[in-house]
Amino acid sequence: MPPEGPPPQDPARPTTLRPRPSGRGGALLPTLAIVGAIVVVFVVFTGYYTQWLWFQSVGFSSVFTKELTTRLLLFGFFGLFMGVALGFTIWLAYRLRPAFRGMTPEQQNLERYRVSLEPVRRRVVIAVAVLFGLLAGATAAGEWRTYLLFANSQPFGISDPQFGTDVSFYAFRLPFLRFLVGFGFGTAFLCIVAAAVVHYLYGGIKLQSPGERFTPAARGHLSVLIGIFVLLKMASYWLDRFDLVVSDGTRFTGAGYTDVNAILPAKNILMWIALVCALLFFVNVFRRTWQLPLLGLGLLVLSAVVIGGIYPAVVQRFEVRPSEPGKESPYIQRNIDATRQSYGLAGIQEQEYQATSTPTAAALAADRSTVDNVRLLDPAVVSDTYQQVQQIRGFYGFPDPLDVDRYVINGEERDAVVAVREIDYSGLPDGQQNFANRHTTFTHGFGFVAAYGNTAQADGSPSFFSFDVPNQGELKVDQPRIYFGENTTVYSIVGGPAGSAPQELDFPDDSSATGQSNNTYAGAGGVPVGSLFNRLVFAVRFQEGNILLSDLVNSDSKILWDRTPRERVEQVAPWLTVDGDAYPAVVDGRIVWVVDGYTTSNGYPYSQRTTLGEATADALTENTRSVIALQADQVNYIKNSVKAVVDAYDGTVKLYEWDTTDPVLKVWEKAFPGTVESYEQIPESLLPHLRYPEDLFKVQRNLLARYHVTTPLEFYSGQDFWKVPSDPTATGASGVAQPPYYLSVKMPGQPTAAFSLTTTFAPQKRETLAAFMAVNAEPGPDYGTIRLLRLPRNTTIPGPGQVQNNFESDPDVSRDLALFRSQGSDVDLGNLLTLPVGGGLLYVEPLYIKASSGQSYPLLRKVLVSFGNRVGYATTLEGALAEVFGESTGGKPDPDPGTEEPGSGSAAKDLADALSDAQKAIVAADEALKIGDFAAYGVAQSQLEDAIARAVIAQRELDGSPAPDPSASADPGISPSPSAAAATFAP
């Protein structure tokens, strides 16, 4: 009987101890996976949650929820459709597998795959369905705008000339129908591939075995799927017919002769062939051969090549091309009419302008309302001047370029160059670039700065009427703090408990013991960040642990982000295309940003398609920081339908209807009800600061360069097409378009000057002037009226480039430019303005001088004027005009309060003023020579020359002598020395 217990251990055999599994290694990876998944989900949640809080803070939470729910709806519906369709197809193919597959070599090779797949078959099917469902859902979610346009379609009330269908079908419904057909194609194709793979794997399709290649079940299943695919092709052909009137042709957008007479009939024929072919595949479910449906499919392919490709090419080559102008004329006319209608060019007031090149003082006097308001302050040049004169501290900055607006000062509307003093973190020393300073102390800018556009101080600096910190001047600014601005791109944490010490730097204050005045934000904007949870989510969003840990974040703190006006408008109205340049205005004592919003479409029949990025690019977008070209979207319909206002203190966003007849706006108002306020809600105090937008005007002028031609034959030849002239004053990139300019202009036939946006045109491949265009930018009955002055083709009026050449080749001008540039100065050429004055075209260009080194900034020193081929050059506009038109120009005193233009008072007073200015210039020149500042010396010399010239004129008036010829000079190349001038004109 064997002994009980374990067998005796062999002492010669070593004992192997096997550790008992603890389970820790097996649990580590799942734990890490779960933690990683939680982190990812929390990060995604953080993005959506903080964005929802942002929309709540601006009162547009309905926009966030509508966009999110629409995306989820499309994601869920189309993702589920794709997943179910694909999963059902695979399941059905598996159920239709043959019971007996035989033991052929092909099936034996496939058997090992079937055996390996069987244990995980269901999971693989589910994974494939889910994967493609997610991809399809994500694709569909990106079409949320297309869906909302489709679901909220509104009629245009305009029919296309080919099918007689309302434009709304092309603009709102056709894009989504195209998406549906495309999605159907994708689904059907994947189902066909999946079914074929499953049928082959399980013996329904035999490629190498003898006998029938397809089982009846496999043949029937694939026939239905292919029939659905071909049926979708029929739907595609039906939609292709309508696509013809919105597609790009060789010469223009829309259907041409070949499209209408060859391609359109071909699409109709192919549509019916596809229907027959689809029916043949459906009938093949009950047949035992592929011969008939494949014959139908071959016929469809052959027809597509012959009828859809070869036949239109033959018509184009042998019928259209030999007499193309006549054949295409009706369709070119459709394109011209539609383009002018969709871009707002149909109501242009055109007139022939017999521009004279002979200047007369009487003609100039009749246009004093234009001349007296010529803007000499160039917003693209004087940003550095504002920076040096009004920056106050290094942590403040101004945009580049500045903006143009108008204000009523002492009962008179004045054009102004305006800006706000924003916070500029690059001005902080490197040692102060920390979390506390960047995000809790330096939180906002301060003040509104404005200067008269048509005048300057005696030293060439701007004549400000709103300036300094705190704000002083003619404008009442009750809330000067700038928490939201064009250059305010860093988030800030603001606010605090009542009674606590303010921690935000408000403005420098010499009367304070600390040298600064502090402030606590009390505005309605921002999102509370005081709770632990909110601090955590914002710390994750901005990847900044100090938000969670810092004592500077308190229970009443708010966080401000997405602070630029364009960002805020784009988020609350994601259906708008926003203008590239927001501008500030003082309205009811508060500083607000005005942003123009455009509704666009790419589906207006026959309207010419244009790329916004190209059409809105010019010298400003190339060479400045704050003005940007629009994105490279293609459109063929654009309206300035919305005026948006963003409060600079609390970030409040208001959207107002502007073009109340725009069907696209009506669709978006229906999709996002309550987000756009009616036109009647626009405050009366805001209206005077609204203006015609630049980007819309750029798009219009870009198209009008061709579409001013309204007859098909002339349009086809293209010989009268224009171009926008290059900016001859631009630095950096050459050949860029001259930007449009805001000016107060009196167009022929108008009683007075109106605030307008202007541009010029030149003939193709020439630099002369072809036309001048201005749009009334002042809200009122005449707002938006475009006036075009066509210049005679048989006369030569210099264009901007030629005028600039005339300026710089003038002996006096070239001498001074060489002098300035050789004495350590830089010359900045201001904007070259074109104005219809005195029966011709007047060009005005301010000239700025600055030192080439040190903390220099441009000052207005000279004014260049051209009329015909005559050039005027002086320190004042009136002086330059006098050189061109003669002394009696009808000018009035300098409109700058507190200063008076030389020559505007009595001769004795003018003489005294001129002598005083000469003495000051002499002193300044001597001081400049002592320190070796040749730039300042050159400026003083120019001031001295001007003062001497005024003194001579005043003295002759006192003596009763005739005024000297401004163009005459004893020796234009020699300037009097300071000592000689002092001896001659000393009192």
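Throughout what follows, the structure given in this document is the object of discussion. Remember, predicted model here, so these are calculated numbers, not experimental data. (Residues numbered from 1 in each chain as written. Predicted model: local features only at pLDDT ≥ 70, side-chain atom pairs only at ≥ 80, totals over all residues. Heavy atoms only, no water.)

1. Considerations on the layout of surface pockets
Note the following rule: Think of a 1 Å grid over just the protein atoms. A cavity is a set of points where a 1.4 Å probe fits yet cannot get out, a pocket is an open set with protein on both sides within 12 Å along at least five of seven lines, and lining residues have an atom within 4 Å of a point. Grid points are joined across faces, edges and corners, and a volume is the space filled by probe spheres set on the points. Only runs of H or I of at least four residues qualify as helices and only runs of E of at least two qualify as strands under DSSP, and these elements are numbered from the N terminus.
Considered as a void within the structure, the second largest pocket measures approximately 870 Å³ in volume. Along the wall of the second largest pocket there are 33 residues; nearest its centre are Arg145, Trp575, Thr577, Thr600 and Asp633. Mapped onto the lining of the second largest pocket, the elements with two or more residues apiece are α5 (144–151), α6 (167–201), α17 (565–572), β16 (577–578), β18 (590–601), β20 (634–635) and α20 (663–671). Here the element with the most residues in the lining of the second largest pocket is α6; it accounts for five residues.

2. Considering helix α10 (residues 324–342)
How we decide: The span one expects for a helix is its residue count, reduced by one, times 1.5 Å. Note that the bend at a residue is defined as the angle between axes fitted to the seven residues ending at it and the seven residues starting at it. Any residue under 20% of the maximum accessible area for its type is buried, any over 50% is exposed, and the rest in between are partly exposed; the area is computed with a 1.4 Å probe on protein chains only. Any two residues having at least one pair of non-hydrogen atoms within 4.5 Å are treated as being in contact.
In this model α10 runs 26 Å from its N-terminal to its C-terminal C-alpha over 19 residues, within 8% of the 27 Å that 1.5 Å per residue would give. At Pro330, α10 shows its largest bend, some 45 degrees. Of the residues making up α10, those classed as buried are Glu324, Glu328, Ser329, Tyr331, Ile332, Asn335, Ile336, Ala338, Thr339, Arg340 and Ser342. Turning to α10, the residues buried within the fold contact α8 (257–283), α9 (291–320), β1 (349–352), β21 (637–647), α21 (694–707) and α22 (712–717). Positive phi appears at Gly344, one or two residues downstream of α10, with a value of about 75 degrees.

3. Describing the packing of helix α2 (residues 61–95) against α5
Selection rule: Only the contacting stretch of a helix is used when fitting its axis, a line to C-alpha atoms as for every element, and angles between N-to-C directions run 0 to 180 degrees. Should an angle lie under 35 degrees it is considered roughly parallel, over 145 roughly antiparallel, and from 65 to 115 roughly perpendicular; all remaining angles are considered oblique. Classification used: nonpolar for Ala, Val, Leu, Ile, Met, Phe, Trp, Tyr, Cys and Pro, charged for Asp, Glu, Lys and Arg, polar for all others including Gly.
It is the contact of α2 with α5, at a shortest axis distance of 10 Å, that shows an interaxial angle of 95 degrees. Looking at the two axes, α2 sits roughly perpendicular to α5. Of the residues in α5, those in contact with Lys66, Glu67, Thr70, Arg71, Leu73 and Leu74 of α2 are Trp144, Tyr147 and Leu148. The residue inventory of the contact of α2 with α5, partitioned by class, reads five nonpolar, one polar and three charged.

4. Considerations on the pairing of strand β24 (residues 741–745)
Rule in force here: When DSSP locates at least two bridges between a pair of strands, those strands are taken to pair.
Among the five residues in β24, five count as buried, and that is most of the element. Side-chain alternation along β24 places Tyr741, Leu743 and Val745 on one buried face and Tyr742 and Ser744 on a second face that is also buried. Pairing analysis gives five bridges linking β24 to strand β25 (residues 754–763), with the strands arranged antiparallel. In the sheet register, Tyr741 faces β25, and the bridge partner there is Thr758.

5. A word on the sheet that holds strand β7 (residues 448–456)
Taken in spatial order, the five strands make up an open sheet running β3-β4-β7-β8-β9, and their pairing is antiparallel. In the strand order of this sheet, the two ends are held by β3 (403–409) and β9 (472–473), each with one partner. In the sheet, β3 pairs with strand β4 (residues 412–420) via seven bridges, with the strands oriented antiparallel. For Asp403, the partnering residue across the bridge sits in β4 and is Val418.

6. Notes on the nonpolar core
The condition is simple: Think of a nonpolar core as a cluster: buried Ala, Val, Leu, Ile, Met, Phe, Trp, Tyr and Cys residues, connected wherever their side-chain atoms sit within 4.5 Å.
Membership of the largest hydrophobic core comes to 147 residues, with the highest contact counts inside it found for Tyr407, Phe448 and Leu655. When residues in this core are grouped by element, the largest group, 12 residues, is from α6. When sequence neighbours within four positions are dropped, the list of residues in contact with Tyr407 reads Glu412, Glu413, Arg414, Ala416, Val418, Phe448, Phe465, Leu475, Pro584, Ala585, Val586 and His689. Core analysis: the next-biggest nonpolar cluster, separate from the first, contains 59 residues, Val371, Val803, Phe820 and Leu860 among them.

7. Some words on α5
Because the α-helix completes a turn every 3.6 residues, residues three or four places apart line up on one side. Looking only at α5, the buried set comprises Trp144, Thr146, Leu148 and Leu149. Considering only its buried residues, α5 is in contact with α2, α4 (121–141), α6 and α20.

8. Digging into the pairing of β4
Counted residue by residue, β4 has seven buried out of nine residues, so it is predominantly covered. If you look at the hairpin formed by β3 and β4, you'll find two residues sitting between the two strands, and Asn410 has a positive phi there, around 55 degrees.

9. A closer look at the sheet that holds strand β15 (residues 558–560)
With antiparallel pairing, the three strands of this open sheet are ordered in space as β11-β15-β14. For this open sheet the edge positions go to β11 (492–494) and β14 (527–528), each flanked by a neighbour on one side alone. Here β11 pairs with β15 via three bridges, running antiparallel. Considered in β15, the bridge of Ser492 is made with Leu560.

10. Examining empty space enclosed by the protein
Within this structure, the stated rule accounts for five cavities of 30 Å³ or more. Empty space within the largest cavity amounts to approximately 60 Å³. If you trace the largest cavity, you find it lined by Gln738, Pro739, Tyr741, Thr758, Thr759, Thr760, Leu832 and Thr834. Here the lining of the largest cavity gets three residues from one element, more than from any other, and that element is β25. Classifying every residue of the lining of the largest cavity gives three nonpolar, five polar and no charged.

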